[in-house]
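# Structure assessment
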Amino acid sequence: LIVLILLGLISGFLLKREPMASGSGIPQVSAEITGRLDSNPLRVLIYKITGGLVASLGGLSLGREGPSIQLGAMSGKLVSRVLKRNPVEEKYLITCGASAGLSIAFGAPLAGVLFSIEEVHKNITKKIIICCFSAAVVANIIGQYIFSLKPIFNFPSIDYVGPEIYPAVVILGILLGIFGTFYNTTIKVLFKIYEKLNLNIVFRPQVAFIISFILLILYFIKTLFSLVSFTSGVAGGIFLPILIQGAVLGALFSNFFDAKYTALFIILSMSGYLTAIVRSPITSIILLFEMTQKLNYFLPIALCCLLAYFTANILGTKPVYEYLLDRILTSNKLK
């Protein structure tokens, strides 16, 4: 517990020194691309890596995928500055770096490209697709063949998905949209609680690090722990915790149906839950497709993601990264 308190203090100190290295980093990358932020790439790289290491040592429920995207993007920006590229080329390099970051985190180059286009750059041209795809593929090759990185998940084989499963997929997609809305609403509530506590930034991560000492990993507790960890501001992402929470929901949902479909419902829930929170359905579909490397349940994943997307939209919450970007920009204006 004493070690966790010390790690919390170190995290707070790092946040105070470089606020742009906080959280997942994905909203900051979006703001860089649109010219609303101009951070120092070398400082962000140093503080992001250090802050992420401290958060991991403290056992916080955070992912490495968002930080990997920001690290890739800032590496692209640093390369641009060293080679004295113009502003347009710099934005391309930032986007390429973001693609490479997600590609290396999940071993999914196509998802890296699509996420950069759906969530970061938002403008599709042949040039940006080719640039991002090149960066993502090269990053993946280096990760696999030089550093011997393995996929995060190892999924069992599902040989056939029959038509009888589709009514359950429809129900699951709608439920995931509701749970995704719950997640996005809770993140706003927790940010407000932190603001009302008015803790000094150096002490704010203590809440998350101390909770790391006492919590059990069940769905609602896992969700709350992930959100408390993330909203404390430490360097870490929500991509992987979201996928894990989705997997737990899928396992619970499968109890009401045939046990032979448990693995399928876990995969569907991971993609659908991610879609409901982030609202990037194409990325979610392709990400799970690349990780599972199976085409035979591509249609159920697509149906589940679309239903989760529309349900979350109807319920009216903002996509999580859009909300986080608004917070960052508002905070900068206040300063």
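I will try to describe carefully the structure that is included in this document.

Definitions and cut-offs
Residues numbered from 1 in each chain as written. Predicted model: local features only at pLDDT ≥ 70, side-chain atom pairs only at ≥ 80, totals over all residues. Heavy atoms only, no water. 1 Å grid on protein atoms, 1.4 Å probe; cavity = no way out; pocket = protein on both sides within 12 Å on 5 of 7 lines; lining within 4 Å. Points joined across faces, edges and corners; volume = space filled by probe spheres on them. Helix = DSSP H or I, 4+ residues; strand = E, 2+ residues; numbered from the N terminus. Nonpolar A, V, L, I, M, F, W, Y, C, P; charged D, E, K, R; others polar. Patch = residues over 30% accessible without salt bridge, like charges linked within 9 Å, V, L, I, M, F, W, Y side chains within 5 Å. Areas by Shrake-Rupley, 256 points an atom, 1.4 Å probe, with all protein chains shown as cover. Salt bridge = Lys/Arg side-chain N within 4 Å of Asp/Glu carboxyl O. Buried < 20%, exposed > 50% of the residue type's maximum accessible area, 1.4 Å probe, protein only. Phe/Tyr/Trp six-rings, centres within 6.5 Å; stacked < 30°, edge-to-face > 60°. Expected span 1.5 Å × (residues − 1).

### Quick word on the layout of surface pockets
As a volume, the largest pocket reaches approximately 830 Å³. In terms of lining, the largest pocket is formed by 30 residues, of which the most central are Ser22, Ile201, Arg204, Arg327 and Ser331. For the lining of the largest pocket, the secondary structure elements donating two or more residues are helix H1 (2-17), helix H2 (26-33), helix H8 (166-197), helix H10 (219-231) and helix H15 (320-334). Examining the composition of the lining of the largest pocket, we find that seven residues originate from one element, H15, more than from any other. A breakdown of the residues in the lining of the largest pocket according to their chemical character gives twelve nonpolar, 13 polar and five charged. Of the voids in this model, the second largest pocket is the one considered here, and its volume is about 460 Å³. In terms of lining, the second largest pocket is formed by 23 residues, of which the most central are Ile49, Arg64, Pro67, Ser68 and Leu71. If you list the elements that add at least two residues to the lining of the second largest pocket, you get helix H3 (41-57), helix H4 (65-83), helix H5 (87-106) and helix H7 (126-145). Top contributing element to the lining of the second largest pocket by residue count: H3, with six residues. The residue inventory of the lining of the second largest pocket, partitioned by class, reads twelve nonpolar, nine polar and two charged.

### A few points about a nonpolar patch on the surface
On the surface, Val170, Ile171, Ile174, Leu175, Ile178, Phe256, Phe257 and Leu315 cluster together into a nonpolar patch covering about 700 Å² of accessible area. Top contributing element to the nonpolar patch by residue count: H8, with five residues. With respect to the helices and strands, the residue Leu315 is situated in helix H14 (residues 298-315). Judged by its relative accessible area of 46%, Leu315 is partly exposed.

### Quick notes on the packing of aromatic side chains
For the structure shown, the criterion picks out eight aromatic pairs. The interplanar angle of 55° and the centroid separation of 6.1 Å between the aromatic rings of Phe191 and Tyr323 together place this pair among those described as tilted. Placement of Phe191 in helix H8 and of Tyr323 in helix H15 is noted, with a sequence separation of 132 residues between them. You'll find Phe191 and Tyr323 in the same group, each marked buried. With centroids separated by 5.6 Å and ring planes inclined at 75°, the aromatic side chains of Tyr309 and Phe310 adopt a geometry described as edge-to-face. Classification of Tyr309 by relative accessible area gives partly exposed; the value is 23%.

### Observations concerning H10
Taking 1.5 Å per residue as the helical rise, H10 with its 13 residues ought to reach 18 Å, and the 18 Å between its terminal C-alpha atoms agrees with that figure. When you tally the buried positions in H10, you get ten out of 13 residues, the bulk of the element. Within H10, the full set of buried residues consists of Tyr219, Lys222, Thr223, Phe225, Ser226, Leu227, Val228, Ser229, Phe230 and Thr231. The positive-phi residue at the C-terminal boundary of H10 is Gly233, with phi of around 95°.

### Structural notes on empty space enclosed by the protein
Evaluated as defined, the whole model comprises one cavity of 30 Å³ or more. Here the largest cavity defines a volume of roughly 60 Å³. Going through the elements one at a time, H1 and H3 are the ones with two or more residues in the lining of the largest cavity. If you tally residues by element for the lining of the largest cavity, the top one is H1, at three residues.

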